[in-house]
Amino acid sequence: MHEDAKTDWDQRIALRSDEEREFAFPDLDPPKEVRAVGGVGQVTIDWSPVDGAAGYLILRGAGAHGPLEPVDHHSGDVLSVPSPPYVDTTCTPGTPYRYAVASVPEVTTHGRPSPPVGAVPLVAGSIAPTTGVTIDVVAEGTELHRPWTPMVGSERLSQLLCEDLTGGHEIGVELEDALRRMHDELGVRTVRAHAIFHDDTHVIDGDTYDFSVVDQIYDKLLGIGLRPVVELGFMPRELASDPARTVFAYGAIISPPASYDRWYDLVRALVQHLVDRYGLDEVLTWDFEVWNEANLEVFWSGTKAEYLHLYDVSAAAVKSVDQRLQVGGPSSAAAGWVDDLLEHTKRYGTPVDFVSTHTYGSPPLDVRASLERHGYPDARILWTEWGVTPTHFNPINDSVFSGIFLLRGMRSASGRIDALSYWVASDHFEELGRPPRFLHGGFGLQTVGGLRKPRYHALTLLSRLGPVELPVTYDGDGGGSLVEAWASRDRDRIAVLLWNLTLDQTKADGDPALTRTVRVQLPGADPSWQLSTTTLAIGTADLATAAAGLPDWPADAELAGLAERTQLVTTAAEWNGSSVEVTLPMPSAVLLELRPARD
């Protein structure tokens, strides 16, 4: 894609639609017990959670006086985080800072900040600080939730039928293979994608509907073992009030319908057709999502009121086929319009079975607060897009940092979100044009050619956790903020996934000051069990590093060599029967697995 066009997109994607509201958010109290503790290269800020908060905004100022400004970890999207603690690595070691925390009821507003507290990030010495992690291996434990398995994102699914080549690789075949791996290797169950009503599916034929292309798409998907999240959009040319208003290189139409009655008829006809073809019991397991990111000007040329009307009409059309079918929205960017939709549907009695929204660069906010506030405590929460960056062709997408970011986000989402859908499965993705080279900073978890990036490896590590989650406690420099652990048990194995990460994307290539020696205590573990480790780090299972110096489009033999050199490798390791010590650079992760000794 031409750089000028990319720059234009990056500027336009940030333009929000109407944010005026007919209701007021609650005036949340600031968090209490705010603490800031300086460590080597970082400050950890902690606080007590506030009822009704969807998240928290961290503010900082240098010196004893002056204004406090939001800490920017350079995500390019929402800076609020869903819960404490927060690790600030954008600070300068040796400089005194003041920190405060404000409660966030919704992404566009925040409450009064807490009284500021001071801290000084420390200058690194010659020895890495030690962080302690203790696993209660004999605890009863709780169910380990897996928010990555319900859903993954994809390029529009009509590309499953595409026979064109990118870099010598057939698009449809490789996209299908990539989705099959998500199902077979990682247990993913559904796929969310744009544009089921785009021109290339030809759903309108004169005065009738033709869903034959949709059938080919969904037949392929179901053949893999996956189900679709049916995003109702974009606008068919024949229904659009302004067909000239488009988005993406493939020209998806973003205007409201010229006739909402005709939109209702189309949606109802599609849903009825799906029920007739696949059976009601099957389609009752699908979700119908209304549009995509209407709160951004690039995706919806209408007003907020027009989107809410579109939602009403769409929900009525879906429910007219069967009241049990699942419909939701607002499918918004940056966690916007969630309260607006719920306020509207509560007022007019429109059904909402699930709330869907998106964010990048931070763990998802806790929109359970919005559901409780508006009287929808049982609605499911689907983050139908999430990732390390909203920016196309960004090298961070190919980095180890992005893999460790995925671990942190999934751990944060566990138990409070029904699905956290990474955007997207494959680099066969062409919103802003087809991939210009093998590693181009594409959104995909897998490359053109089907190689696994560090983010895919991160999901593999997560998939190796057991079904029972074990309690974890921390101590030392960065424990629970910079260094985190997710511990599990099954019948004959203890698996502990450790990682070291800051959200600060200026540190994506690493920072020696943030390396930690992590001492993992496992009191009660059987000392006769054997330990193995699997590592993801810069230079280890790291595709971008391994591919340095290769041509834009490596040959098949070069791809095979890369795949071999960048796979995850599990090796035997020593431990003393009660603890193990590992060195964790930032960014990196290691999976520790204890099993009974083999005879």
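Preceding this section is the structure that the text describes.
Criteria and cut-off values
Note on numbering: residues in each chain are counted from 1, in written sequence order. Note on the predicted model: pLDDT of at least 70 is required for a residue's local features to be given, and 80 or more for side-chain atom pairs to be given and counted; whole-chain, interface and lining totals, by contrast, use all residues. By convention in this description, side-chain values take in all heavy atoms of the structure and omit both hydrogens and water. Numbered from the N terminus, helices here are DSSP runs of H or I no shorter than four residues, and strands are runs of E no shorter than two. Put simply, the radius of gyration uses C-alpha atoms, and a globule should come to 2.2 Å times the residue count raised to 0.38. Contacts are assigned to residue pairs that have any heavy atoms within 4.5 Å of one another. Only the protein chains shown count as cover for residues, and the accessible areas themselves come from Shrake-Rupley with a 1.4 Å probe. Only four residue types enter the charge count, namely Lys and Arg as positive and Asp and Glu as negative; His and the chain termini do not. We put the charge of a Lys on NZ, of an Arg on CZ, of an Asp on CG and of a Glu on CD. A 1.4 Å probe that fits but cannot get out identifies a cavity on a 1 Å grid over protein atoms alone, an open set with protein on both sides within 12 Å along at least five of seven lines counts as a pocket, and a residue lines either if it has an atom within 4 Å of a point. Grid points are joined across faces, edges and corners, and a volume is the space filled by probe spheres set on the points. Residue type decides the class: Asp, Glu, Lys and Arg count as charged, Ala, Val, Leu, Ile, Met, Phe, Trp, Tyr, Cys and Pro as nonpolar, and the leftover types, Gly among them, as polar. What counts as an axis is a line fitted to C-alpha atoms, over the stretch in contact for a helix, and the angles between N-to-C directions run from 0 to 180 degrees. Left-handed is the label given to a crossing in which the near helix is rotated counterclockwise from the far helix by less than a right angle, and right-handed is the label when the rotation is clockwise. Note on aromatic contacts: the rings of Phe and Tyr and the six-membered ring of Trp form a pair at centre separations within 6.5 Å, being stacked when their planes are under 30 degrees apart, edge-to-face when over 60 apart, and tilted otherwise. Any Lys NZ or Arg CZ that is within 6 Å of a ring centre and within 35 degrees of that ring's normal is treated as a charge sitting over the ring. When DSSP finds at least two bridges between two strands, those strands are taken to pair. Relative accessibility thresholds used throughout: buried, under 20% of the residue-type maximum; exposed, over 50%; partly exposed, between the two (1.4 Å probe, protein chains only).

Engineer: Describe the overall build of the protein, and please don't skip the residues or the numbers.
Structural biologist: When helices and strands are tallied, the protein shows twelve helices and 32 strands. For 599 residues, the compact-globule estimate of 2.2 N^0.38 gives 25 Å, and the C-alpha radius of gyration of the protein, at 24 Å, lies within 12% of that figure. Projected onto the principal axes, the alpha-carbon positions of the protein cover approximately 75 × 60 × 50 Å. Taking contacts inside the protein between residues at least 6 apart in sequence as the whole, the part at least 24 apart equals 77%. As presented, the protein carries roughly 22,200 Å² of accessible surface, and 49% of it is formed by carbon and sulfur atoms. Placing the 48 positive and 84 negative side-chain charges of the protein at their respective mean positions leaves the two points 4 Å apart.

Engineer: Could you give an account of the layout of surface pockets, with specific residues and numbers?
Structural biologist: Of the volumes computed, that of the largest pocket is approximately 740 Å³. Taken together, 35 residues form the lining of the largest pocket, with Ser83, Pro84, Pro85, Ser412 and Glu484 sitting closest to its centre. Mapped by element, the contributors of at least two residues to the lining of the largest pocket are strand 5 (86-88), helix 8 (368-374), helix 9 (400-413), strand 24 (468-470), strand 25 (472-476) and strand 26 (483-490).

Engineer: Any chance you could break down unusual backbone geometry for me, citing the residues and the numbers?
Structural biologist: In this structure, the amide linkage connecting glycine 233 to the following residue, phenylalanine 234, adopts the cis form with an omega of -10°. With respect to the helices and strands, the residue phenylalanine 234 is situated in the loop between strand 16 (227-232) and strand 17 (246-247). In the segment running from tryptophan 423 into valine 424, the intervening peptide bond is cis, with an omega of 15°. Phi at histidine 74 takes a positive value of approximately 65°, unusual for a residue other than glycine.

Engineer: Please provide a residue-by-residue account of empty space enclosed by the protein, values included.
Structural biologist: For the structure shown, the criterion picks out four cavities of 30 Å³ or more. Approximately 90 Å³ is the volume found for the largest cavity. Lining the largest cavity are 13 residues, with His392, Phe393, Phe429, His440 and Gly442 positioned closest to its centre. When grouped by side-chain class, the residues that make up the lining of the largest cavity number five nonpolar, five polar and three charged. Of the volumes computed, that of the second largest cavity is approximately 70 Å³. Lining the second largest cavity are Arg156, Leu157, Ser158, Ala193, His194, Ala195, Ile196, Ile217, Tyr218, Val229, Val230 and Glu231. If you list the elements that add at least two residues to the lining of the second largest cavity, you get helix 3 (212-224) and strand 16. Per element, the largest residue contribution to the lining of the second largest cavity is three residues, and it comes from strand 16.

Engineer: An account of the packing of helix 4 (residues 260-278) against helix 6 (residues 304-321) is needed here, citing residue identities and associated values.
Structural biologist: Interhelical geometry of helix 4 versus helix 6 gives an angle of 35° and a closest axis separation of 8 Å. As for the relative orientation of helix 4 and helix 6, their crossing is right-handed in sense. Residues Tyr260, Trp263, Tyr264, Val267, Arg268, Val271, Gln272 and Val275 of helix 4 form the contact with helix 6, whose participating residues are Glu306, His309, Leu310, Val313, Ser314, Ala316, Ala317, Val318, Ser320 and Val321. Residue composition of the contact of helix 4 with helix 6, by class: twelve nonpolar, four polar and two charged.

Engineer: Give me the packing of aromatic side chains: which residues, what numbers.
Structural biologist: Counted by the stated rule, this structure contains 22 aromatic pairs. Through a chain of ring-to-ring contacts, the aromatic side chains of Phe197, Phe234, Phe248, Tyr250, Trp263, Trp291, Phe299, Trp300, Tyr307 and Trp337 assemble into a single cluster. For the cation-ring pair, lysine 346 lies above tyrosine 376, with the distance from its terminal atom to the ring centre recorded as 5.4 Å.

Engineer: Outline the sheet that holds strand 5, listing residues and values.
Structural biologist: The strands that make up a sheet pair up through hydrogen bonds in the backbone, lying either parallel or antiparallel. Taken together, three strands build an open sheet; the order of strands is 1-2-5 and the sheet is antiparallel. This sheet does not close on itself; its edge strands, each paired only once, are strand 1 (32-39) and strand 5. Ignoring which end each strand starts from, the neighbouring axes of this sheet average 20° apart. Bridge count for strand 1 against strand 2 (residues 42-48) is six bridges, and the pairing is antiparallel. By the bridge assignment for strand 2, valine 37 is matched with threonine 44.

Engineer: Could you give an account of the environment of valine 400, naming the residues involved and the relevant values?
Structural biologist: In this fold, valine 400 is placed in helix 9. Classification of valine 400 by relative accessible area gives buried; the value is 3%. For the pair valine 400 and threonine 545, spaced 145 residues apart in sequence, the C-alpha to C-alpha distance is 9.4 Å. Residues in contact with valine 400, not counting those within four places in the same chain, are Pro454, Leu536, Ala537, Ile538, Asp542 and Pro587.

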